[in-house]
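Okay, here's what each chain looks like letter by letter:
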4 protein chains.
Amino acid sequence: MELVAVADLLLARREAALRAHPLAVVRGGPDAIIDDATVDLVVIATPPATHHDLAARALRAGKHVLVEKPLVTDPKHGYELARLASESKRHLFVDHTFLFTGAVRKILAYADELGELLYYDAIRTNLGTFQSDTDVLWDLAPHDLSILLSLVRRPPASVSAVGARHGPGDRESMAYLTVRFAGGPLAHIHVNWLSPAKVRRTIVGGARRMLIYDDIEASEKLKVYESPSTSEMDPADDVLRRLVDYRVGDVIAPRLDQTEALRFEIVHIARVLLDGELPISDVALGLRVVEVIDAAHRSIALEGTPVPLEA
Amino acid sequence: MELVAVADLLLARREAALRAHPLAVVRGGPDAIIDDATVDLVVIATPPATHHDLAARALRAGKHVLVEKPLVTDPKHGYELARLASESKRHLFVDHTFLFTGAVRKILAYADELGELLYYDAIRTNLGTFQSDTDVLWDLAPHDLSILLSLVRRPPASVSAVGARHGPGDRESMAYLTVRFAGGPLAHIHVNWLSPAKVRRTIVGGARRMLIYDDIEASEKLKVYESPSTSEMDPADDVLRRLVDYRVGDVIAPRLDQTEALRFEIVHIARVLLDGELPISDVALGLRVVEVIDAAHRSIALEGTPVPLEA
Amino acid sequence: MELVAVADLLLARREAALRAHPLAVVRGGPDAIIDDATVDLVVIATPPATHHDLAARALRAGKHVLVEKPLVTDPKHGYELARLASESKRHLFVDHTFLFTGAVRKILAYADELGELLYYDAIRTNLGTFQSDTDVLWDLAPHDLSILLSLVRRPPASVSAVGARHGPGDRESMAYLTVRFAGGPLAHIHVNWLSPAKVRRTIVGGARRMLIYDDIEASEKLKVYESPSTSEMDPADDVLRRLVDYRVGDVIAPRLDQTEALRFEIVHIARVLLDGELPISDVALGLRVVEVIDAAHRSIALEGTPVPLEA
Amino acid sequence: MELVAVADLLLARREAALRAHPLAVVRGGPDAIIDDATVDLVVIATPPATHHDLAARALRAGKHVLVEKPLVTDPKHGYELARLASESKRHLFVDHTFLFTGAVRKILAYADELGELLYYDAIRTNLGTFQSDTDVLWDLAPHDLSILLSLVRRPPASVSAVGARHGPGDRESMAYLTVRFAGGPLAHIHVNWLSPAKVRRTIVGGARRMLIYDDIEASEKLKVYESPSTSEMDPADDVLRRLVDYRVGDVIAPRLDQTEALRFEIVHIARVLLDGELPISDVALGLRVVEVIDAAHRSIALEGTPVPLEA
């Protein structure tokens, strides 16, 4: 893969791009890229409001596209992009970066060893990064939803959410999302711009194994716990308090691949385009993330009343 | 205060009581206590289903009562007990033990220094203590609700909750509660019997200060963070991402009184009875906790639809 | 095993003993125990200065003895007790309690899987428990030395130590001990009464595996790390900095037996006495601990000059 | 300040330097820099064995010099450089980078509020960075010694050290250093290339306050503990165990300046050169660090026997 052209509205960034890539075409607008027949893949790293238009133009010009998360912020735009990608037989990748980290790839590799998936609980909080052009759901929830939906691999049935607005701009600065799947698991995501401590912690509760993924830890980000299968509990023992042993098995912090996520992602995309590898983060996943967040906003307006999602 | 009499259904416990308190009257049933004119205060430490009947009898006999949490599990029973206590001019205390710990007393002492209360977020999880005669809401949520309601000191407006049932007995083994107050804050409580790690962590988010109370920490259980007042943020700065300094002030772990909670509680109750000190955990608080959990169960049946609470 | 008799100088403790053990003989002095033909094992839980005399009398009377750590504080006294135990064919156990915890028993079980033992590093610190009748070495170092000497199972060759005196009584309140073994490992122990944080952390560095034992952790007290064998490092690669992968293998927190140490110890002693099980903490181990601490004091007087130990 | 010239033996690095600094003179050897009359300050970032020769040439050519730590590895070379700097009236700075971090600058600012300095305990360990041209003392101990000597501001009296060699090249891969000062404090440093966990933790024990500096923590790297003054302890209370309250005061994590250390250092050096600000890390400090490590090596050869340092 080779960098052919760069477009940026800001002069300073164009100058920096030229220094770093002296052989690249550098322009102020996207036309030179979209019209360049030697360009195979267009990377769109612009504000979400521009994704639909830019991605549609690139797809219509026969380019493959990698767009930053969220894919779009209006599901209708997402459906149109999905249709365009399908019609043009081009790939539309969504940059859900966490899917390419060693920790999340290991979580997904454990999917079949967890037993029945009972629940998924994610917290992603931080203090003080208000963004005036978005809210905390569009900013943070795509990370957790992309992991959740890659793990569950079934469409969610409904979304409930509650939120609060504390910062400038009258947009949600904190929210709690509940995502339900037919037959389970119960998934819950807490995103917050107003927490005094940075927390990035996910629990995946399975009937046979549970995982805790703590992205703040410098090492041992992922821990695997054996848990008692509920089926092993004697249903006859229902009068007295059951004292299940707190630690039923060893705890293992598996070795994680340290490859930088963006490097892994780019190599993966090259393999999809050249070798037919299956895409990890395609338009279907990106669109489902958008649908959940869109439904969450509608549920917030209804104070938590569940909003069904179409299959 | 002096221990006068003990009643327990189990012979082994009666024997242990006699060894520890050779001068006490020890019986298999409550009558000897309730009929004993020298008894001033009856402590009820029995399963929740028996609280209503035992407390009612003790109050009718003119005793003060201390009952374990939850006060009752049916709000109607609670209203009746509140009426009985009022009519008999007796105190009905509810043993919300956490309110008597050094950490929670310090949190309540900070109430006026937090600025506008923006949110309250509590997590209380553990693995493996299923109880067949209750569910995770009645077991764990009273702790957090007693702290929340002591801090906010206004009646909650509505409750939304979602839950899931994984263990024996078909009762909730995990739940997420959202408690709304008119004019804020947004409160959220996560209780879980199925977590591989024990977490007891509360964030109190104020506009001027934020607290993190981590009851698992051996020392420094409470940390106080200065936070930026939202009013200090310039609303004009709405084009570019705002980068608020992550740490605006010092973090302080204030010294906490190490007195054992039960010892503090008993001394407090003596002061209420003898010196007219205001009760920290009275029937009004205990009843409100019951109302919230009762509403949470109704919301769970409605998949998270908010259930209003009467003022 | 049955408790036959208790002796204590303090009336209040004798009364408590009587309440807990109504059938026991309770006396102010040790004679009634030592002269009682029905007593098989005498437990000596008195200040270290009294251990020699009491243990000698009990051994001469044909009793087995369990004495609190340290066995004695003068090696000569220890040699005499060892001789008495040998002559009377009685067991003299030393209560090095940590050896009976699930964590330390697991460490000892790993002994043969660590590869060559490279080093042993222990820290045991706390704030504010000055004892006027002892110093920090006699108070804290027996814990770490009993673990170290049980793990290495060879006599140490020499001891260096440095210390400082800050509290009342002009005795060491902090010290660093280096214990050398012929052919390795290098062992180092830091004991401190004056640390603001409680630390109880031991690293066992082996060529194939390393262990970290953190006794402050509520769970996962023991972690097992795979480490690169030094033989796998290419000696030819000596020009550029070697970057060995930080984590060569998984980290495992093995399940630990939660049996209370004292309970395990008492059951173990019963098995030694009744079934001929090999004692875990015998007079030889207790004596070696005393020799190392005695040598450490001499090295401290010489500002760290190493003091050899006789084989 | 402006970058004028760069010298590097490696072509690839010269090319990178040219790309980043298109206007700089870039050469393979140091002569062009040392002979360039427009150069005021020469930065020497080369292996320690070359520091003496390069720094001497630069000083003789009338340049100020900033040299990476350690200044030299032979004290005689250090004395000569100190003399050269003095004679040429030029500054010889040593890049003890940690002195310029927000955390260490805050520690030094606390120096007068700690009360009598009782002890200093530092641990700096890691797994797997063997360097064939140095040992763990020269690699890691300069960091801790530069902090210690900046805090104590008196010449150390003696050094004891023990070490062990486990990696390739037969050089120390772990060592324990004890540094004594006349009248206190007792200082101890543990450096280790073979630890399974990365630890960078320093305790500064003062009679009035204690500090814990944990450089691994993402936030709250520095904590300040109030401690009981030893003078407040009643010397008459010497029979019973004293139970000093574990936490005598609040614990404070003061806000730390987040300026990058190298940026702060360069601005500081500019102020020394232009405004006469006092240098933070001068040749006297760098030389004392070298003397301590040199004495530590001699003590290691003597198995820990203390080696006196000349005043």
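Residues numbered from 1 in each chain as written. Chains lettered and ligands numbered in written order. Predicted model: local features only at pLDDT ≥ 70, side-chain atom pairs only at ≥ 80, totals over all residues. Heavy atoms only, no water.

1. Digging into the overall build of chain A
Thought 1: A tally of helices and strands in chain A yields eight helices and 14 strands.
Thought 2: Scaling as 2.2 N^0.38, a compact globule of 311 residues should have a C-alpha radius of gyration of about 19 Å, and chain A matches this with 21 Å.
Thought 3: Projected onto its principal axes, the C-alpha coordinates of chain A cover approximately 75 × 40 × 40 Å.
Thought 4: Burial statistics for chain A: of 311 residues in total, 56% are counted as buried.
Thought 5: Taking as baseline every contact in chain A between residues at least 6 positions apart, the subset at least 24 positions apart corresponds to 66%.
Thought 6: Accessible surface for chain A amounts to roughly 13700 Å². Of this, 52% is attributable to carbon and sulfur atoms. (Helix = DSSP H or I, 4+ residues; strand = E, 2+ residues; numbered from the N terminus. Rg over C-alpha atoms; globule rule 2.2 N^0.38 Å. Buried < 20%, exposed > 50% of the residue type's maximum accessible area, 1.4 Å probe, protein only. Contact = heavy atoms within 4.5 Å. Areas by Shrake-Rupley, 256 points an atom, 1.4 Å probe, with all protein chains shown as cover.)

2. A few points about the pairing of strand 8 (residues 174-180) of chain D
All names here are of chain D.
Thought 1: Of all the seven residues making up strand 8, seven are buried; the element is thus mostly covered by neighbouring parts of the structure.
Thought 2: The side-chain alternation of strand 8 yields two buried faces, one formed by M174, Y176, T178 and R180 and the other by A175, L177 and V179.
Thought 3: Bridging between strand 7 (residues 158-164) and strand 8 involves seven bridges; their strand directions are antiparallel. Following the sheet pairing, V162 is matched in strand 8 by Y176. (Pairing = 2+ DSSP bridges.)

3. A look at the pairing of strand 7 (residues 158-164) of chain A
Residue and element names in this part refer to chain A.
Thought 1: With six of seven residues buried, strand 7 is to be regarded as a mostly interior element.
Thought 2: Where strand 7 meets strand 14 (residues 307-308), two bridges bridge the pair, whose relative direction is antiparallel. Its bridge partner being in strand 14, S158 is matched across the sheet by P308.

4. Here's the deal with the side chain of N192 of chain B
Thought 1: The residue N192 of chain B is located in strand 9 (residues 186-192) in this model.
Thought 2: For N192 of chain B, a relative accessible area of 0% gives the class buried.
Thought 3: A polar side-chain atom of N192 of chain B sits 2.6 Å from the main-chain amide nitrogen of L194 of chain B.
Thought 4: Non-local contacts of N192 of chain B, meaning those with residues more than four positions away in its chain, are made with Y119 of chain A together with R124, T125, N126, V136, L140, S173 and M174 of chain B. (Polar contact = N/O pair within 3.5 Å; in protein donor to acceptor, adjacent residues only side chain to side chain.)

5. Concerning the packing of aromatic side chains
Residue and element names in this part refer to chain C.
Thought 1: By the definition in use, this model includes four aromatic pairs over all chains.
Thought 2: Judged by centre distance (6.5 Å) and plane angle (45°), the rings of F100 and F264 are tilted. You can see F100 sitting in the loop between strand 5 (92-95) and helix 5 (102-109) and its partner F264 sitting in helix 7 (residues 261-275), a full 164 residues away along the chain.
Thought 3: Looking at F100, the relative accessible area reads 2%, which means it is buried. (Phe/Tyr/Trp six-rings, centres within 6.5 Å; stacked < 30°, edge-to-face > 60°.)

6. Description of the environment of Y119 of chain D
Thought 1: For Y119 of chain D, the location among the structural elements is in strand 6 (residues 117-127).
Thought 2: A relative accessible area of 0% places Y119 of chain D in the buried class.
Thought 3: Sequence separation between Y119 of chain D and P48 of chain D is 71 residues; the distance between their C-alpha atoms is 30 Å.
Thought 4: Apart from the residues within four sequence positions on either side, Y119 of chain D is in contact with M174, N192, L194, S195 and P196 of chain C together with P185, L186, I203, V204, G205 and M210 of chain D.

7. Quick notes on the packing of helix 5 of chain C against helix 6 (residues 136-152) of chain C
Residue and element names in this part refer to chain C.
Thought 1: It is at 9 Å that the axes of helix 5 and helix 6 come closest, and there the two elements cross at 25°. Here helix 6 runs roughly parallel to helix 5, going by the angle between their axes. In the packing of helix 5 onto helix 6, the handedness of the crossing is right-handed. Residues V104, I107 and L108 of helix 5 touch helix 6, and the partners they reach there are I147, S150 and L151.
Thought 2: Residues of the contact of helix 5 with helix 6, tallied by class, amount to five nonpolar, one polar and no charged. (Axes fitted to C-alpha atoms, helices over the stretch in contact; angles between N-to-C directions. Parallel < 35°, antiparallel > 145°, perpendicular 65-115°, else oblique. Left-handed = near helix turned anticlockwise from the far one by under 90°. Nonpolar A, V, L, I, M, F, W, Y, C, P; charged D, E, K, R; others polar.)

8. What about the sheet that holds strand 3 (residues 41-44) of chain B?
Residue and element names in this part refer to chain B.
Thought 1: In spatial order, the strands read 3-4-5; together these three strands make up an open sheet with parallel pairing. Edge positions in the sheet fall to strand 3 and strand 5 (92-95), since each has one partner strand and no second. In this sheet, neighbouring strand axes are inclined to one another by 15° on average, regardless of whether the strands run parallel or antiparallel.
Thought 2: One ladder, built from four bridges, connects strand 3 with strand 4 (residues 64-68); its direction is parallel. For L41, the partnering residue across the bridge sits in strand 4 and is H64.
Thought 3: Where helix 7 (residues 261-275) meets the sheet, its contacts fall on strand 3, strand 4 and strand 5, and the angle it forms with strand 5 comes to roughly 170°.

9. Some words on the sheet that holds strand 5 of chain C
Residues and elements named next belong to chain C.
Thought 1: Pairing is parallel in the open sheet, where three strands are placed in the order 3-4-5. Every interior strand has two partners, whereas the edge strands, strand 3 (41-44) and strand 5, have only one. When the angles between neighbouring strand axes are averaged without regard to direction, this sheet yields 15°.
Thought 2: Bridge analysis of strand 4 (residues 64-68) against strand 5 gives four bridges, and the strand direction is parallel. Each residue of the ladder has a partner; that of V67, found in strand 5, is V94.

10. Quick notes on the pattern of salt bridges
Thought 1: Overall, the coordinates contain 48 salt bridges over all chains when judged by the stated rule.
Thought 2: In this structure, the salt-bridge partner of R200 of chain B is D215 of chain B, at a minimum N-O distance of 3.2 Å. With R200 of chain B in strand 10 (residues 194-206) and D215 of chain B in the loop between strand 11 (209-214) and strand 12 (222-226), the pair connects residues that are 15 residues apart, well separated along the chain.
Thought 3: The exposure class assigned to D215 of chain B is buried, which follows from its relative accessible area of 17%.
Thought 4: With its nearest N and O atoms 3.2 Å apart, the salt bridge here joins D294 of chain B to R298 of chain B. Of this pair, D294 of chain B and R298 of chain B both sit in helix 8 (residues 283-301), four residues apart, which is roughly one turn of the helix.
Thought 5: Exposure remark for R298 of chain B: the relative accessible area of 42% places this residue in the partly exposed category.
Thought 6: In the salt-bridge network here, residues are joined through shared partners; they are R165, D170 and E172 of chain A. (Salt bridge = Lys/Arg side-chain N within 4 Å of Asp/Glu carboxyl O.)

11. A word on the side chain of T101 of chain B
Thought 1: With respect to the element layout, T101 of chain B can be found in the loop between strand 5 and helix 5 (102-109).
Thought 2: Dropping the residues within four chain positions of it, T101 of chain B is found in contact with Y213 and A261 of chain B.

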